[in-house]
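# Topology and contacts: notes
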Amino acid sequence: MANSALARSGSVKSATSNDAVVQVRDICKNYGDVEALRGINLEFERGKLTTLLGPSGCGKTTLLKIIAGLVPATSGEIRVNGRVVTGPGPERAFVFQDFALMPWATVLRNVGFGLELKGVPAAERDRTARRYIEQVGLAGFEQKYPHELSGGMRQRVGIARAFAVNADVLLLDEPFSAVDEQNRRKFQEDLLRLVDLEKKTFIFVTHSIEEAVYVSDRIILLSPRPGRVSQIIDPMIDRSASPDDIRRDAGYLDVVEEIWQGLRQYAE
Amino acid sequence: MSVSPAKLDNGIGASKEAPPTVVEMIRTFAEERRSFWIVVSLAVLFVSWEVAGRIPISFAFPTFIETVVAFGEMVADGSMHKAYFLTLQPLVLGVVISAAVGIGLGVAMGLSDKAEWLLAPVFIVLQAAPMAALVPLVTFVYGIGLTAKTLAVIMLALPVIVLNSYKAVRHVNPSLVDMCRSFQGSRMQQIFKIIIPDASPVLFAGLRLGIAAGFIGVMLAELLITPTGIGDLITYHRSVANYAHMYAAVASIIAVSTLTLAGLQYVETHLLRPEKRRK
């Protein structure tokens, strides 16, 4: 069932291996005198999970928010499906680090909120929402309020909401950083299952090297002050193995080590 | 109202000598129902009032029971109805105008920097000003009618509602606003589906303070401007040394104010923030 990362070049779905759904061209971002990002050029392949990894202050979240259209870039452009974008659009959906759930709305309404904003009729909206609630493993919690859920469950709601609008690209901003370690591992496995099931493009921000290597098809290392692309790594992990075997696999551990060597100069 | 002391006596008696089943019954009831503690709290207040009245702490301080009887008399002879008919007109009118205008202006100030620059200084000055000192000026300009009394209510209620609404909007979770934007919500959707619901707890806190200030406004107006309504009842019964009746009028306006604020809280939790009901 699981896609082997090794078989990427022979992908049937995409016409070419260079089918970039998101293109980042010469993006610079300044906050006043502070240069947050300098000359970022990247392409994100369709159907892949690409991770932006780097130490804090490298601008990875800023870059993700620029791609999302939530933060304007100082210069440069973002193309999604070949078109230049300047704001949020229906082809992109965002998963927030702090979940961004409406505390006054039930799980069902929260998950269907993207559709509600688009004016989708209530019956259809609820049907879609229920399907994704089940897919993220929250069936039975439809009528609960966010404060009645654990941190991990709240982020599942956030992920279901992003899936429900059927965007091509999912942007995840450190989605598991507020989740405890045990749930985090379970989450990563679930994410891989959803990536496989939904055939969407994922852009994932994290500061955890292990997490990045475990879930990513491609890792983009950013270096701080100002944020630049320092290295691009394709982990080539064989995901047909069980999660526990992957975490013990020599190839997996080598990649983790390689990234750590690249990043250790920025650690204090 | 007069049932409450009886309940307290029952509670004390039970804990002393009744069989344990009754004590347990009361204990489980107390744990399950928050209303038990409200009743106990009121009972303690009324019993101490009764005791203070019987000592008496002052010849002008009636007992609780005398006050209740006086209240009954005033209801029976219709003077209470007439007084409330007069008092509630400027109060309701003033509070409704203050709530509508106050929330409107406050939200506008929260959403737009220009509206903030234009309006914030005015309301900050108005809130700091001792409004009671301005009430006689209103009488001077508008006479002693309904207009003056309504204005007194608005003067006290409006600034606090405006400033709280403004703060409420400014403290909306920015992440929720980003979320709405990321799903291409329009500005109107952002305001009505995210900003106002997220601001509503502080918005309602402002409304509660505003309504409480409105009650102060109407009493000031009736005591300072024109002796009508409840203010007149208080002044009249004081002047003829009918202290029980005077206290009944005072206590009744306090009760009306408290019930109004409780009703507002009910509206908030049932209409805007349903998740707060389950706690």
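What you see is a predicted model, and the numbers here were worked out from it, not measured in a lab. (Residues numbered from 1 in each chain as written. Chains lettered and ligands numbered in written order. Predicted model: local features only at pLDDT ≥ 70, side-chain atom pairs only at ≥ 80, totals over all residues.)

## Quick word on helix α1 (residues 60-68) of chain A
Counting buried positions along α1(A) yields eight of nine residues, so the element is predominantly enclosed. A:Lys60, A:Thr62, A:Leu63, A:Leu64, A:Lys65, A:Ile66, A:Ile67 and A:Ala68 are the residues of α1(A) that are buried. (Buried ≥ 20, exposed ≤ 12 C-beta atoms within 10 Å, placed from the backbone. Helix = DSSP H or I, 4+ residues; strand = E, 2+ residues; numbered from the N terminus.)

## Points about the domain arrangement of chain A
All names here are of chain A. When its domains are assigned, chain A resolves into domain 1 (20-91 + 169-268) and domain 2 (103-166). Listed by partner, the interface residues are nine residues for domain 1 and seven residues for domain 2. At three residues, helix α6 (residues 181-198) tops the list of elements feeding residues into the side of domain 1 that touches domain 2. (Domains from an automatic or database assignment. Contact = placed C-beta atoms within 7 Å.)

## So, the sheet that holds strand β8 (residues 201-206) of chain A
Residue and element names in this part refer to chain A. Strand order in the open sheet formed by six strands is β6-β7-β8-β3-β9-β10, with mixed pairing between adjacent strands. Both edges of this open sheet fall to β6 (92-95) and β10 (228-233), since each of them pairs with a single strand only. Mean inter-strand twist for the sheet, computed between neighbouring axes without regard to direction, equals 20 degrees. Sheet analysis places β6 next to strand β7 (residues 169-173), joined by four bridges and oriented parallel. Note that in β7 the partner of phenylalanine 94 across the bridge is leucine 171. Strand contacts of helix α9 (residues 250-263): β3 (49-53), β9 (218-223) and β10, with the helix running at about 160 degrees to β10, the strand carrying the most contacts. (Pairing = 2+ DSSP bridges. Axes fitted to C-alpha atoms, helices over the stretch in contact; angles between N-to-C directions.)

## Re the interface of chain A and chain B
Facing 18 residues of chain A, the contacting portion of chain B comprises 15 residues. In terms of residue class, the side of chain A that touches chain B is made up of 14 nonpolar, three polar and one charged. (Nonpolar A, V, L, I, M, F, W, Y, C, P; charged D, E, K, R; others polar.)

## Side note on the domain arrangement of chain B
Domain parsing of chain B yields domain 1 (3-59) and domain 2 (76-278). The straight-line distance from the C-alpha centre of domain 1 of chain B to that of domain 2 of chain B is 34 Å.

## As for the nonpolar core
Ranked by size, the top nonpolar core spans 138 residues in total, and within it A:Ile67, A:Ala160, A:Leu171, A:Ile203, B:Ala152 and B:Ala157 carry the most contacts. Take this core: its biggest share by element is 16 residues, from helix α8 (residues 146-170) of chain B. (Core = buried A, V, L, I, M, F, W, Y, C linked by C-beta atoms within 7 Å.)

## Regarding the sheet that holds strand β5 (residues 83-85) of chain A
Residue and element names in this part refer to chain A. If you walk across this open sheet you meet the four strands as β2-β1-β4-β5, and the pairing is antiparallel. With partners counted over all chains shown, the strands left at the sheet margins are β2 (34-45) and β5, one partner each. Averaged over all pairs of adjacent strands, the angle between their axes in this sheet comes to 25 degrees, without regard to strand direction. As defined by bridge partners, strand β4 (residues 75-80) adjoins β5 across three bridges and the pair is classed as antiparallel.

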